[in-house]
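Spelled out, the chains give:
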Amino acid sequence: MVNSDKLKTLVDWFKTHEIQWDQELIEIRSNNDGYGIYARKDIPKKKRVVKIPKEAVLSAKSTGIANVLDDEGIDGGCSLAISVMYEISQGTDSPWYGYLQALPAGEDLPIFWSDEDKAWLKGTEMDDAVHNDLNDLKEDYEEIVQPLMAKHTYIFTPQIVKEFFSFEKFCKISTLISSRSFEVDAYHENGMVPFADLFNHRSGNEHVHFETDFEVCDACGALEYCEHQFLEDLELGSENGKEGEHDEHWSDVDEEDEDDEEAEDNSDEEVLEDEDEEDEEDNGPLKDLEELEAKGINIWEGDNEEPTKDTCDMVLDRAVKKGEELFNTYGDHPNIVLLSKYGFCHDDNKNDYVSVTEDSIIDACLIVTKDQLVSEGAKGDDEALEMLAIERTRPRWEFFLNNESILCPKEDDEEEEDDFEEDDDHEHGGGCCGDDHMDHDGHGHGHGHSHGHQHGGKEGESSHGHKHDHAGGCCGDEDEEEEEEEEHEHEHGGGCCGGDDDGEGTKSRPYFMNEEGLYEDSLMCLLHIMFVSEEIFATFENVEEALKYFETLAEEGQGRGKKTKKTGQINQAKQRVYQVCKLLSEQRREEYSENGVITTVEEDIKAREKTENIRHRYALTCRISEKQILNKSIAYYEAAEQSASTSEPAKKKSKKGRK
């Protein structure tokens, strides 16, 4: 359990730094080697239960080495990790000592598991992520932290480095801030927000959310109009040949200067006048003041009030009963994010997903295409058939890669490419391929995922605001998956067109299926292009014809399509598309095999019930969830394949006229 002395020191620190909470409504309790917030009585919703002044926030802008980090251009999660490490190294001299002494040493994340424990993640989405995270932390430490310490030895002495800035400590602190930091505002960016991080996580039905005024001066953090904004307005005004937009904020300053100059010229006269009027003041206004004070009226009230403090607040979304723990949410994340960032995961996670690689899609397409060629009468051995399959698939894959942004536009693409807004319907109403497939961005897998945050004064809501990127590590700030999708290069001599892989040890672009086992639209679009008839594909030379084809599929999916002479060709394409989808899911499920044996979901559940190792339980939870998704996927596409194979083509109209 948590040391009671640490809790007392923490609470005292909260009070010293003017963090406000109603102690009659909520209390801090030790909870599973950490802390939790509990209701002492029934509390109505919309109640603001905690107010944290931003002066209490620990960030790269508030740390004692903020100037060094700024000079070196270090920002993002790495700068916050260095800030926390530095303040910890200062011990009781740090302004945040009372807060930092109560933090755990780090979260028990998979990157710290033993090789034996990591082996339990085999086949899961975590398998690659854990290795990527550790590699990227090592890269940050070697390329950012170590050069910083070598350059500023007066701060990072050998003893300080040895005790507080080892790679192991960097990893621990990086994972700690990954799970506990919030997106504060435009000045602090990500920061540690004392007290706010005491609320534990719940997926759904959480009680509180985090509110902050995000739009502050990014140079000084001022909420109100400040000198930086004034200077910016002056600069903008001079560029436009106009006065600054907010000059009225500062006009009184100039008037005061002029008044001061006049006051100096007439100082002697004023002194004489003051002496002459002294008796009059004693006999006049002071009597009135005494009378007002006697009546209990304070005419000075409000004159010395301090300006409203800029705070981060925790606000109740729903009512709480006495004795309940108050939960926040870290956002809608799949188990891979929850486990890699926060050290836990759970069953029935609606945000879970499973990915398949582009290489596996290539292999599956070639297998089905070879069968198609045989059914069409092609002859030859397996190698000859594979060359024919590559010859057929190559131009189709090229077409998809060259036109993906048109066929499957993302929201950002739609904003930039207004020309295709009228064609957006092919993405919706059952997906671009006429089935209830997930949107191409709808897998919600959380790579580079930022916890939901809306800015807009106190209406802005945020959960823990640290971005996590499986490719970029716990401190990563770039979304590698987006880069992969946007910058995917097609090698004519290999890869998806047959030939050597791009390189060893690197996985090709991933495609995703959602919790229901349905593949994303971009993959379904690709597969339809791969298996559409030669006659229809020939018309795709004009991309508008391809868009019309997918609109037809969408209409069929909504039950609005009409049977035409091409219906039979479309159904054959669908059958092969679903055949590939089923094959992909079956092959993906085989990645969980151990010694050639794939355990069932039921067997994994029983194994989880028996183990007392929490790491093993979490690894099995990930595996169980992903296998359930794959089982649903296989069942769905098997049924879809059978349905497409039994669909009747359009009947030819009789040429006979009416009698």
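Residues numbered from 1 in each chain as written. Predicted model: local features only at pLDDT ≥ 70, side-chain atom pairs only at ≥ 80, totals over all residues. Heavy atoms only, no water.

### Considering the overall build of the protein chain
Along the backbone of the protein chain there are 23 helices and 13 strands. Among the 659 residues that make up the protein chain, the fraction classed as buried is 47%. Looking at the protein chain as shown, the accessible area adds up to about 35000 Å², and 44% of this sits on carbon and sulfur atoms. (Helix = DSSP H or I, 4+ residues; strand = E, 2+ residues; numbered from the N terminus. Buried < 20%, exposed > 50% of the residue type's maximum accessible area, 1.4 Å probe, protein only. Areas by Shrake-Rupley, 256 points an atom, 1.4 Å probe, with all protein chains shown as cover.)

### Considering the packing of aromatic side chains
By the definition in use, this model includes 22 aromatic pairs. Measuring from centroid to centroid gives 6.4 Å for Tyr-342 and Phe-344, while their planes differ by 35°, and the two rings are tilted. By the burial criterion, Tyr-342 is buried, and Phe-344 matches it. Connected via pairs of aromatic rings, a cluster forms that spans Trp-13, Phe-14, Trp-21, Tyr-99, Phe-195 and Phe-199. The cationic tip of Arg-29 hangs over the ring face of Tyr-38; the distance from NZ or CZ to the ring centre is 4.2 Å. (Phe/Tyr/Trp six-rings, centres within 6.5 Å; stacked < 30°, edge-to-face > 60°. Lys NZ or Arg CZ within 6 Å of the ring centre and 35° of its normal.)

### What about the pairing of strand β9 (residues 311-316)?
In terms of burial, β9 is largely enclosed, as six of its six residues are buried. Side chains of β9 alternate between two faces, with Thr-311, Asp-313 and Val-315 and Cys-312, Met-314 and Leu-316 buried alike. Examined bridge by bridge, strand β4 (residues 48-53) and β9 share five bridges and lie antiparallel to one another. Considered in β9, the bridge of Ile-52 is made with Cys-312. (Pairing = 2+ DSSP bridges.)

### Quick notes on helix α18 (residues 521-531)
Across the eleven residues of α18, eleven count as buried, placing the element largely inside the fold. Buried within α18 we find Asp-521, Ser-522, Leu-523, Met-524, Cys-525, Leu-526, Leu-527, His-528, Ile-529, Met-530 and Phe-531.

### Considerations on the nonpolar core
One finds Ile-26, Val-50 and Phe-195 to be the most contacted residues of the largest nonpolar core, which totals 87 residues. With eight residues, helix α6 (residues 126-151) is the largest single contributor of residues to this core. The residues contacting Phe-195, other than those within four sequence positions of it, are Phe-14, Ile-19, Trp-21, Ile-26, Ile-28, Ile-37, Val-50 and Ile-52. Within the second largest apolar cluster, 54 residues are counted, among which are Cys-408, Phe-531, Ala-546 and Leu-584. (Core = buried A, V, L, I, M, F, W, Y, C linked by side-chain atoms within 4.5 Å. Contact = heavy atoms within 4.5 Å.)

### Side note on the side chain of Asp-604
Assignment of secondary structure puts Asp-604 in helix α22 (residues 601-610). Given a relative accessible area of 3%, Asp-604 falls into the buried group. Those residues within four positions of Asp-604 in sequence are excluded, and the remaining contacts are Thr-599, Leu-620, Arg-623, Ile-624 and Lys-627.

### Thoughts on the pattern of salt bridges
Across all of its chains, the model carries 27 salt bridges by this definition. Here Asp-12 ties to Lys-8 by a salt bridge, and the two come within 3.0 Å at their closest N and O atoms. Residue Asp-12 and its partner Lys-8 are both found in helix α1 (residues 4-16); the two are separated by four residues, about one turn of the helix. We classify Asp-12 as partly exposed; its relative accessible area is 34%. In this structure, Arg-48 and Glu-211 form a salt bridge, with 3.1 Å as the shortest nitrogen-oxygen distance. With Arg-48 in strand β4 and Glu-211 in strand β8 (residues 208-212), this pair connects stretches of sequence that are 163 residues apart. For Glu-211, a relative accessible area of 6% translates into the label buried. Each member of the salt-bridge network shares a partner with another, and the members are Arg-48, Lys-51, Glu-211 and Asp-313. (Salt bridge = Lys/Arg side-chain N within 4 Å of Asp/Glu carboxyl O.)

### Comments concerning the packing of helix α3 (residues 76-89) against helix α8 (residues 167-180)
Following both chains from N to C, one finds α3 and α8 inclined at 115°, their axes separated by 9 Å at the closest point. Considering the angle they form, α3 stands roughly perpendicular to α8. Classified by chirality, the crossing of α8 by α3 is right-handed. Mapping the contact onto sequence places Gly-77, Cys-78, Leu-80, Ala-81, Val-84, Met-85 and Ile-88 in α3 and Lys-169, Phe-170, Ile-173, Ser-174 and Ile-177 in α8. (Axes fitted to C-alpha atoms, helices over the stretch in contact; angles between N-to-C directions. Parallel < 35°, antiparallel > 145°, perpendicular 65-115°, else oblique. Left-handed = near helix turned anticlockwise from the far one by under 90°.)

### Focus on unusual backbone geometry
Only a minority of non-glycine residues have a phi that is not negative, and only a minority of peptide bonds are not trans. Not every positive phi belongs to a glycine, and Phe-195 is a case in point at roughly 80°. Position of Phe-195 among the secondary structure elements: in the loop between β6 (189-191) and β7 (200-201). With a relative accessible area of 0%, Phe-195 lands in the buried category.

### What to know about the sheet that holds strand β3 (residues 34-39)
One open sheet holds the four strands; their spatial order is β2-β3-β10-β7, and the pairing between them is mixed. Strands at the two margins of the open sheet, each flanked by one partner only, are β2 (26-31) and β7. Sheet analysis places β2 next to β3, joined by six bridges and oriented antiparallel. Residue pairing across strands places Ile-28 opposite Ile-37, the latter belonging to β3.

### A short note on a negative patch on the surface
A grouping of Asp-75, Glu-189, Asp-218, Glu-232 and Glu-235 is seen on the molecular surface, where their side chains present a negatively charged patch. Secondary-structure assignment places Asp-75 in the loop between α2 (66-72) and α3. (Patch = residues over 30% accessible without salt bridge, like charges linked within 9 Å, V, L, I, M, F, W, Y side chains within 5 Å. Lys, Arg positive; Asp, Glu negative; His and termini not counted. Charge placed at Lys NZ, Arg CZ, Asp CG, Glu CD.)

### Comments concerning the environment of Phe-399
Checked against the element boundaries, Phe-399 lands in helix α15 (residues 382-407). Between the alpha carbons of Phe-399 and Leu-526 there is a distance of 9.2 Å; along the sequence they are 127 residues apart. When residues no more than four places from it in sequence are discounted, the contact partners of Phe-399 are Leu-407, Ile-529, Phe-537, Phe-540, Val-543 and Ala-546.

### Points about the environment of Val-50
One can find Val-50 in strand β4. As a C-alpha pair, Val-50 and Asp-313 span 263 residues in sequence and 5.5 Å in three-dimensional space. Once residues within four sequence positions are removed from consideration, Val-50 is found in contact with Ile-19, Gln-20, Trp-21, Ile-26, Phe-195, Phe-199, Cys-312, Asp-313 and Met-314.

### Topic: the pairing of strand β13 (residues 510-513)
Because side chains alternate across β13, one face comprises the buried residues Pro-510 and Phe-512, and the other comprises Tyr-511 and Met-513, equally buried. For strand β11 (residues 354-357) and β13, the ladder comprises four bridges, and the chain directions are antiparallel. Its bridge partner being in β13, Val-356 is matched across the sheet by Tyr-511.

### Digging into the confidence of the model for the protein chain
Any residue range with low pLDDT should be treated as having predicted coordinates unsuitable for detailed reading. Averaged over every residue, the pLDDT of the protein chain is 79; the share at 70 or more is 71%. Ignoring residues within four places in sequence, the model shows residues 439-505, a span with pLDDT below 50, making 175 contacts including any to other chains. (pLDDT = per-residue confidence, 0-100.)

### A short note on the state of the cysteines
Enumeration over the complete set of coordinates arrives at zero disulfides. For Cys-622, which is in no disulfide, the shortest distance to another cysteine sulfur is to Cys-345 and amounts to 4.0 Å. (Disulfide = S-S within 2.5 Å.)

### Observations regarding the side chain of Lys-582
You can see Lys-582 is positioned in helix α21 (residues 567-589). Exposure remark for Lys-582: the relative accessible area of 18% places this residue in the buried category. Leaving out residues up to four positions away in the same chain, Lys-582 has contacts with Ile-634, Tyr-637, Glu-638 and Glu-641.

### Focus: the environment of Thr-369
Mapped onto the elements, Thr-369 comes out in helix α14 (residues 358-375). By relative accessible area, Thr-369 is classed as buried at 1%. For the pair Thr-369 and Val-580, spaced 211 residues apart in sequence, the C-alpha to C-alpha distance is 9.7 Å. Once residues within four sequence positions are removed from consideration, Thr-369 is found in contact with Ala-389, Arg-392, Thr-393 and Phe-531.

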